[in-house]
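Coordinates in review
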Amino acid sequence: MGECYYNLSDKPNAIEEFRRYITVAGDGELAQNAHDRIGMIYQSQKRYDEAVIEWEAARSNSSDQLRNHTRQYWIGESLYRSGKYDEAIKKLAPLAAVLVDPRINAMADMVLGRIYQKKGEHQKALQMFATIPNALLKEEQFVEAQYFKARSHIKLGQKAQARTLLDMFLASDRDSRWYELSLIHISEPTRPY
């Protein structure tokens, strides 16, 4: 029932059914999946602290390492979205430091790079973006890394590197929400973002 409501975008009823299942089923794998779904609903509603609680509950009862790394990424991303940068770094840095899964590592690196940009630590941001494998930079999820790298290069006064990255980004992702800003940066590379 929870999955049906979830797929119908009836979030209140989905949460209610997932909670009912967790109460009945206990700590099994499907209960962990129910916590994951509730966490996703909360994240979509920008209820980041509640999402973190759900994913922590799923992690505490799971021995599936890959799933737990994914949950750890979701937790770090929610902490980032809620502006809790230092807490997000604590969750994401271990994922970036150990080869878990190339995609999870790259997602963690992307968020860490964004955090360091927000903190004004552009050299660290560039280090994080540089660890994303080139093969993934062509995928929609990671192509924006070129744009973010360019922003850090602009802040560091490295206009030539920024222009090259912006050109690559503009050639690859017209659908990005950052596309219009990158056009401004190309024409005015010293303009703040």
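Conventions we followed
- Residue positions are counted from 1 within each chain, in the order its sequence is given.
- For this predicted model, a pLDDT threshold of at least 70 governs which residues receive local features, and a threshold of 80 or more governs which side-chain atom pairs are given and counted, while totals over whole chains, interfaces and linings are taken from all residues.
- With hydrogens and water stripped out, all remaining heavy atoms of the structure feed into the side-chain values.
- Runs of E in the DSSP output that reach at least two residues are strands. Runs of H or I that reach at least four are helices, and both are numbered from the N terminus.
- For a helix, the expected span equals 1.5 Å multiplied by the number of residues minus one.
- The buried label applies to any residue whose accessible area, calculated with a 1.4 Å probe on protein chains only, is under 20% of its type's maximum; exposed applies above 50%, and partly exposed to all values in between.
- Throughout this description, a polar contact denotes any pair of N or O atoms lying within 3.5 Å of each other; where both atoms belong to protein, one of them has to be capable of donating a hydrogen while the other can accept it, and for residues adjacent in sequence the pair is counted only when both atoms sit in side chains.

**Regarding helix α5 (residues 65-81)**
- The terminal C-alpha atoms of α5, which comprises 17 residues, lie 24 Å apart, in line with the 24 Å expected from a rise of 1.5 Å per residue.
- Along α5, 13 of the 17 residues are buried, which leaves the element largely enclosed by surrounding structure.
- Two or three places before L66, at the start of α5, stands the capping residue D64, its side-chain oxygen 3.2 Å from that residue's backbone nitrogen.
- In the segment just after α5, G83 is the residue with positive phi, at about 85°.

**A word on unusual backbone geometry**
- Look at S9: it is not a glycine, yet its phi comes out positive at around 60°.
- Tracing the chain through its elements places S9 in the loop between α1 (2-7) and α2 (11-25).
- Of note in this structure, K46 is not a glycine but carries a positive phi near 60°.
- Following the sequence through the fold, K46 ends up in the loop between α3 (29-44) and α4 (48-60).
- Judged by relative accessible area, K46 falls into the exposed class, the value being 63%.

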